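These are the residues of each chain, in order.
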Amino acid sequence: MSALEQSETTAQHSNGAPPAARGQIAVENPATGEVIGHVDDMRAEQVDAMVERARRAQPAWEAQGFDGRAEVMLELRHWFVQNRDQVIDLLVRENGKTREDALLAELFYVCDALGFWAKKAPKYLADERIKTHSLLLLGKKVFVRYRPHGVVGVIGPWNYPLTNSFGDCIPALMAGNSVVLKPSEITPLTNLMLADVVRECGAPADVFQVATGAGETGGALVENVDMIHFTGSTRTGRKVAVAAAERLIPASLELGGKDPMIVLREADVDRAANMAVQWAMSNSGQICMAVERVYVEEPVYDQFVEKVVARTLELRQGAPGEPGRVDIGAMTFPPQMEIIRGHMQDAVDKGAQVLVGGNAGTGPGRFFEPTVLTGVDHTMKIMTEETFGPVLPIMKVRDADEAVRLANDSRYGLNSSVFSKDVAKGEQVARRLNAGNACVNDALMNYLALEAPFGGSGESGLGARHGAPGIRKYCAAQTILVTRFGPKREPTMFPNTAFKAKAFERLMLLMWGRKPRRKR
Ligand code: NAD
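Everything quoted here is computed from the prediction, not taken from an experiment.

Trainee: In this structure, what is going on with the nonpolar core? I would like to understand it.
Mentor: The tendency in soluble globular proteins is for nonpolar side chains to be buried as a group. With 99 residues, the main nonpolar core has Phe80, Phe166, Phe208, Phe304 and Ile394 as its most contacted residues. Residue contributions to this core peak at 12 residues, all from helix H5 (residues 99-124). If sequence neighbours within four positions are ignored, Phe166 has contacts with Leu76, Phe80, Val110, Pro161, Leu181, Asn191, Leu194, Val198 and Phe208. Counting 27 residues, the second largest nonpolar core, distinct from the first, contains Ile262, Tyr295, Ala403 and Leu433.

Trainee: What's the story with the site of the ligand in this structure? I'm lost.
Mentor: Taken together, 28 residues surround the ligand, and among them Lys182, Glu185, Ser233, Thr236 and Glu386 come closest. Between Gly232 and the ligand, the recorded distance is 3.3 Å, taken from a backbone N or O atom to an oxygen atom. Residue Arg465 places a side-chain N or O atom 2.8 Å away from an oxygen atom belonging to the ligand. Starting from 870 Å² of accessible surface for the ligand in isolation, the protein chains cover 89%. Secondary-structure elements contributing two or more residues to the shell around the ligand are helix H8 (215-222), strand E8 (227-231) and helix H9 (234-247).

Trainee: Mind showing me how you'd approach the state of the cysteines here?
Mentor: Note: disulfide means a covalent bond formed between the sulfur atoms of two cysteine side chains. Applying the stated criterion across every chain yields a total of zero disulfides. Cys169 carries a free sulfur, and the closest cysteine sulfur to it, the one in Cys201, is 15 Å from it. Cys201 carries a free sulfur, and the closest cysteine sulfur to it, the one in Cys111, is 11 Å from it.

Definitions and cut-offs
- Residues numbered from 1 in each chain as written.
- Predicted model: local features only at pLDDT ≥ 70, side-chain atom pairs only at ≥ 80, totals over all residues.
- Heavy atoms only, no water.
- Core = buried A, V, L, I, M, F, W, Y, C linked by side-chain atoms within 4.5 Å.
- Buried < 20%, exposed > 50% of the residue type's maximum accessible area, 1.4 Å probe, protein only.
- Helix = DSSP H or I, 4+ residues; strand = E, 2+ residues; numbered from the N terminus.
- Contact = heavy atoms within 4.5 Å.
- Near = heavy atom within 4 Å.
- Polar contact = N/O pair within 3.5 Å; in protein donor to acceptor, adjacent residues only side chain to side chain.
- Areas by Shrake-Rupley, 256 points an atom, 1.4 Å probe, with all protein chains shown as cover.
- Disulfide = S-S within 2.5 Å.

That's the geometry; what it means functionally is another story.
What follows is the structure in structure tokens.
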């Protein structure tokens, strides 16, 4: 019986909401309040043992080469496509998201990523010949090779259990590492199921393992692995960074955001309004790069607000069921409800107006109504702190300069977007934003460009996923210098002589001795 079957059986026997046994974590369906499974809350010794097994399994996996590992990835993609209903059902049940979000933003992404990394890993990680400029290296060959770190730890959040957890394991595995994944304790079931699946698709035992548990389990993982990739809040990310720094292991951090959208006066207001509603409300706003605040130039402000309100009122919210039933699902993480309420109360107390929504939805599950606010400013948490809910605050600005100043008035810098029919102007504004990523007349779609790095600036993270940096981070770069036909002795070798010192001095003067001419 697989680990997941065990957890589901426990849930069936428990029938309802039993207290989790000691050392177990109960997993709940946020849209119904039902307990749907239990997983182990793994202790540090269990994590140590897992990493030890992963370490033993890694050399054989690396030895399979890119082609051997790619075969496993493509087999896995086939498995995901064949078992799509099972995967979508489980994601919907443990996260409370809509079937459409589970299909497009999770399953579709992971299938795409499996093929992408299977194909691109050999190119991104091929030996790189370096042509060096140094006269002293004439005739010597220099190249860089990328070798896997060994055992990579991946720690994930609950909002995208597949994309932001297993998705980050794919390039790590393709690079030749073993991986121990610690999914969120709120949504561990889909990833736990994959521990068996990856093996059945051809990976040697222990090359991919899943350590279930809460924060301490994640902490134990950081203490043992050779490299850590973390996705989650800035608060936890900072702790992970400190622990990794203590051990001097590399860490890649994908953290929170407060992503701005700017709507300029010449924008296609319909498109901007549709995008704002889509990407503020999708997955109940529980997206790291959700549109969390909008700045609209005065001439189109009223029109924009009117359209956003109309679109928001059309949204259907409720427990996800058959395809197309609802647009917005549940709030996955219980404390998130209090954070949203707190941000709303703070905004209203300081003068904001709630045009749509503003309240918790009706249960038994957890919901928050799609909400639109105006009359907001930067004294309010709703404009400065990550809300992570289906809430869209809109602020009127005089001009593009004010919009840029306010967009940059943030400790975060993940994604951002600018709307203007004058594309050159839109690009100019995008270049002025302090964010790791920016879209013009679009939002979030940059995430699908797997060839391009996606990472945050400021407190939104360090490092990137996707593109060459997204797989090279899972490797140590080793520079190799080869001298094929070397003389017995070179001028740089002992003994030191006055003649050689003079010769090197002359060489230096010849190369760099002339005073530089200043450009006026
Ligand atoms: P979180 O920081 O609370 O938890 C993330 C993971 O860290 C969980 O698996 C948790 O168990 C683990 N953890 C907790 N304490 C730990 C410790 N001391 N050491 C190691 N691991 C520990 O985040 P969350 O609430 O699960 O996720 C929501 C956050 O994730 C939001 O801030 C969101 O913006 C962010 N996020 C960022 C991205 C991105 O790509 N930048 C993507 C998705 C989510």
